[in-house]
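Residue-level structure breakdown
Chain by chain, the residues run as shown.
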Amino acid sequence: MISINPQENSERDNYKLLIGSIIPRPIAFVTTQSEDGIVNGAPFSYFNIVSSNPPMVSLAIQRPDDHLKDTARNIYSNRQFVVHIVDEDNMVKVNETAASLPATESEIELANLTLVQSENISVPGVKEAKVRMECRLVQAIPLGGDAPGSDLFIGEVVRFHVDEAIYEDGRIDPRGLKAVSRLAGANYARIGDIFSIERPK
């Protein structure tokens, strides 16, 4: 077993250890809106569930070169965002939104995604996702000391939207959802084999 001190590593080396070992990671495609009304869309794999009562999700966004990404800036500004689950059917279009564009241009238009109005917040979502969650910001935490390297956002889900084709008796069919997960580098994973193990009582 190799023992590694992260304080003796570069940021990039720690990044490689994290994304190579914490797999698979769910991918959130997040839409936000700027003060000028530009709808921004970007995928993030530092994403997960925080709570079910109330329903909350977490999203961590890195600060490249100590600058806020458009998504983070927009969330700080209007405290709203929409999380979409990335699946096999929308993966190609979502990948196009990872391109670096100026804040005045919309990744949604670049990827030819279809905007759909939200019900509880002003930020629109995209039609191409089988699951989307309208979120209001609960807490934002800059991480990394005097020069933050990332921002952790915790949002409360105020409205779920689920494709009726994958929804039955309050449950989502994982085979129908066909969620895609993030590995390292340019690698992704499909759901694959599903097995069950009963939890001990």
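Note: the structure precedes this text.
Report follows, based on the coordinates. (Residues numbered from 1 in each chain as written. Predicted model: local features only at pLDDT ≥ 70, side-chain atom pairs only at ≥ 80, totals over all residues. Heavy atoms only, no water.)

On to the overall build of the protein, then. From N to C terminus, the protein includes five helices and 14 strands. Taking 2.2 N^0.38 as the reference for a compact globule, 201 residues should give roughly 17 Å; the C-alpha atoms of the protein span a radius of gyration of 17 Å, in line with that estimate. Considered along the principal axes of its C-alpha atoms, the protein spans approximately 50 × 50 × 35 Å. Counting over 201 residues, the protein shows a buried share of 37%. Once local pairs closer than 6 in sequence are excluded, the contacts in the protein between residues at least 24 apart make up 60%. Surface exposure of the protein reaches about 12400 Å², of which carbon and sulfur atoms provide 50%. With 20 positive and 28 negative side-chain charges, the protein shows a separation of 4 Å between the mean positions of the two kinds. (Helix = DSSP H or I, 4+ residues; strand = E, 2+ residues; numbered from the N terminus. Rg over C-alpha atoms; globule rule 2.2 N^0.38 Å. Buried < 20%, exposed > 50% of the residue type's maximum accessible area, 1.4 Å probe, protein only. Contact = heavy atoms within 4.5 Å. Areas by Shrake-Rupley, 256 points an atom, 1.4 Å probe, with all protein chains shown as cover. Lys, Arg positive; Asp, Glu negative; His and termini not counted. Charge placed at Lys NZ, Arg CZ, Asp CG, Glu CD.)

Turning our attention to the nonpolar core. One finds Val83 and Met133 to be the most contacted residues of the largest nonpolar core, which totals 22 residues. Elements with a minimum of two residues in this core: strand E2 (28-33), strand E3 (39-44), strand E5 (55-62), helix H2 (70-78), strand E6 (80-85), strand E9 (131-143) and strand E10 (150-162). Counting residues per element, this core draws most heavily on E9, at four residues. If sequence neighbours within four positions are ignored, Val83 has contacts with Ala28, Phe29, Val30, Phe47, Val57, Val131, Arg132, Met133 and Cys135. (Core = buried A, V, L, I, M, F, W, Y, C linked by side-chain atoms within 4.5 Å.)

Pairing of E6 with E9, which is carried by five bridges, proceeds in the antiparallel orientation. Bridge pairing in E9 links Gln80 to Arg136. Two strands pair when backbone bridges link them, and E9 and E10 are joined in this way by twelve bridges, in the antiparallel orientation. By the bridge assignment for E10, Ile141 is matched with Leu152. Between the end of E9 and the start of E10, which pair antiparallel, lie six residues, with Gly144 showing a positive phi angle near 120 degrees. (Pairing = 2+ DSSP bridges.)

Below, the discussion takes up the sheet that holds strand E13 (residues 181-182). In any sheet, the strands associate via hydrogen bonds between backbone groups, in a parallel or an antiparallel arrangement. Across the sheet, which stays open at both edges, the three strands sit in the order E1-E13-E14 with antiparallel pairing between neighbours. At either margin of the open sheet sits one strand with a lone partner, and together these are strand E1 (25-26) and strand E14 (188-189). Here E1 pairs with E13 via two bridges, running antiparallel. From the neighbouring strand, Pro26 faces E13, where its bridge partner is Ser181.

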